[in-house]
Every structure is written in structure tokens, then in C-alpha cells.
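The chain contents come next:
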Amino acid sequence: MPGRLRCNVVDLNKPATVKALLGALTSLARNKGNIFQFVIQNDYYFSIPAGAITSQAGWYVICDAQGRPIYVGTATNLNSRLNTKDGSLDNFANSQRSSDDARNFIKAFTSSGTISSLSVVVIAEPALCQQLGIQPPLSKLDRGNIEKVLSIFRATVV
């Protein structure tokens with residue numbers, strides 16, 4: 001329908017749903033167990049020094065040294081996307097790449113000292129679904145929509 005957001009299970013056209021989603025995201029994002037030190041290894045890769053994190057689907061917010069959110073992403077496997085060489089490379093080592101994703105700018109700026117340090121907030125999909133009272137897994141559409149909501153409201157959620 002024109003003028004309405006395309007949604008699946010998480011109907012973001014309902015203000016009560018958006019309010020519940022923002023409350024759940026905020027609760028999970030501020031849980032200390034979901035916040036990790038985040039580093040750049042060899043100028044190319046993201047890494048979480050504490051070791052492996054959840055391999056569940058979900059969302060992540062990269063924050064600067066002051067805890068300000070600078071990037072929001074989604075992943076089908078959070079550990080792979082944030083904490084492995086294959087998942088975190090983002091084509092950065094490819095000299096033939098025609099452009100760079102925002103994540104590569106974060107890597108370059110951190111490696112050069114422009115950004116002094118990073119942390120990452122992870123929100124696992126099953127934990128969010130539990131707080132919302134819905135059954136995982138979410139559809140690709142819902143996962144992408146939640147990423148957009150988190151990106152828009154990241155300054156108040158994190």
C-alpha cells in the first residue's frame with residue numbers, strides 16, 4: 001500500500017510496535033554483556049579481543065572512544081561478520097576495488113589514529129525477538145527494517 005512501510009512480522013507502521021522495538025533495542029544495547037572492545041588487526045580486519053561472540057543473527061553498532069555510535073550493521077552471523085578475517089575484510093585488501101564501504105573508512109581512520117579506539121554493541125536476534133514476544137528467525141525484510149530503525153535512532157538507543 002502506498003505511503004506505508006513494507007513490513008513482515010514487525011509492523012513498523014504501528015507506533016506501539018516502534019515504541020516496543022526501541023525499548024527492547026535500548027535495553028539490549030545498554031546491557032554490558034553486549035558491549036565489546038573492538039580493534040583493527042593488520043589494517044584490514046575487525047577483531048574482538050575478548051574472543052568469539054555469538055554466532056546468531058543480529059545487529060551491531062560500532063562506537064567511537066566516547067561511546068558515540070558511528071555505524072550500524074546487520075549480520076546473519078555476528079561473530080563471523082565482526083570477528084573473523086573472512087567476514088570482516090570488506091574487500092579492503094583488494095587493490096582493484098572501485099570504492100570503499102563505510103566500514104573501511106572506520107578501519108583506515110582507526111589505524112591512522114584519527115579515531116582513537118572502538119567498541120561494538122551486539123544485539124542478537126533471538127534476544128530481541130524474546131523481548132518483543134515474537135518467534136525467530138526474522139525475515140530478511142524485518143531484519144533490514146530493524147537495521148534502519150536502529151540506524152535512525154542509534155544516538156538514543158546506544
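Preceding block: the structure.
Residues numbered from 1 in each chain as written. Predicted model: local features only at pLDDT ≥ 70, side-chain atom pairs only at ≥ 80, totals over all residues. Heavy atoms only, no water.

Peer 1: What is the right way to read the packing of helix 1 (residues 15-29) against helix 5 (residues 125-132) from this model?
Peer 2: Relative placement of two packed helices is described by the angle separating their axes and the distance separating the axes. Between helix 1 and helix 5, whose axes approach to 10 Å, the crossing angle comes to 130 degrees. The angle between helix 1 and helix 5 falls in the class oblique. Regarding helix 1 and helix 5, the two cross each other, and that crossing is right-handed. Contacts between helix 1 and helix 5 pair A20, L21, A24, L25, S27 and L28 from the former with A127, L128, Q131 and L132 from the latter. Along the lines of polarity and charge, the residues of the contact of helix 1 with helix 5 split into eight nonpolar, two polar and no charged. (Axes fitted to C-alpha atoms, helices over the stretch in contact; angles between N-to-C directions. Helix = DSSP H or I, 4+ residues; strand = E, 2+ residues; numbered from the N terminus. Parallel < 35°, antiparallel > 145°, perpendicular 65-115°, else oblique. Left-handed = near helix turned anticlockwise from the far one by under 90°. Contact = heavy atoms within 4.5 Å. Nonpolar A, V, L, I, M, F, W, Y, C, P; charged D, E, K, R; others polar.)

Peer 1: Would you explain the side chain of D90 in this entry?
Peer 2: Looking at the secondary structure, you find D90 in the loop between helix 3 (85-88) and helix 4 (102-111). Engagement of the side chain of D90 in a polar contact is seen with the side chain of R81, the distance being 2.8 Å. Not counting residues up to four positions away in its chain, the partners in contact with D90 are F46, R81, R103, N104 and K107. (Polar contact = N/O pair within 3.5 Å; in protein donor to acceptor, adjacent residues only side chain to side chain.)

Peer 1: Explanation requested: the pairing of strand 3 (residues 58-63) in the structure shown.
Peer 2: The two faces of the sheet receive side chains in turn, since in a regular strand these alternate between them. For strand 3, the tally of buried residues reaches six of six residues, placing the bulk of the element in the interior. Bridge analysis of strand 3 against strand 4 (residues 69-75) gives six bridges, and the strand direction is antiparallel. By the bridge assignment, I62 is partnered in strand 4 with Y71. Count of turn residues in the strand 3/strand 4 antiparallel hairpin: five residues, of which G67 carries a positive phi of about 80 degrees. (Buried < 20%, exposed > 50% of the residue type's maximum accessible area, 1.4 Å probe, protein only. Pairing = 2+ DSSP bridges.)

Peer 1: I'm lost on the nonpolar core in this one. Help?
Peer 2: Across soluble globular proteins, nonpolar side chains have a tendency to be buried as a group. Among the nonpolar cores identified, the biggest contains 22 residues, and L21, L25, W59, I123, L128, I146 and L150 are the most heavily contacted of them. Broken down by secondary-structure element, the contributors of at least two residues to this core are helix 1, strand 3, strand 5 (118-124), helix 5 and helix 6 (140-152). Of the residues forming this core, the biggest block, seven residues, is contributed by helix 1. Look past the residues within four positions of L25 in its chain and what remains in contact with it is I123, L128, I146, L150 and V157. Core analysis: the next-biggest nonpolar cluster, separate from the first, contains 16 residues, F36, F46, L78 and V122 among them. (Core = buried A, V, L, I, M, F, W, Y, C linked by side-chain atoms within 4.5 Å.)

Peer 1: How should the packing of aromatic side chains be read in this particular structure?
Peer 2: One pair of aromatic rings is described through two measures. These are the centre distance and the angle between the planes. Evaluation of the coordinates by the stated rule reveals five aromatic pairs. Relative to F46, the ring of F38 has its centre 4.7 Å away and its plane inclined at 10 degrees; by these criteria the two rings are stacked. Across the pair, exposure class does not vary: F38 and F46 are buried alike. With 5.9 Å between their ring centres and 70 degrees between their planes, F105 and F109 make a pair best called edge-to-face. Here F109 and F105 lie together in helix 4, a separation of four residues that amounts to about one turn. Site record: aromatic cluster; members linked through ring pairs are Y44, Y45 and F92. (Phe/Tyr/Trp six-rings, centres within 6.5 Å; stacked < 30°, edge-to-face > 60°.)

Peer 1: What's the story with the packing of helix 1 against helix 6 in this structure? I'm lost.
Peer 2: Remark: helix 1 packs on helix 6, axes separated minimally by 11 Å, with the N-to-C direction vectors making an angle of 75 degrees. Considering their axes alone, helix 1 and helix 6 lie roughly perpendicular with respect to each other. Contacts between helix 1 and helix 6 involve L21, L22 and L25 from the first element and I146, V149 and L150 from the second. Looking at the contact of helix 1 with helix 6 residue by residue, the class counts come to six nonpolar, no polar and no charged.

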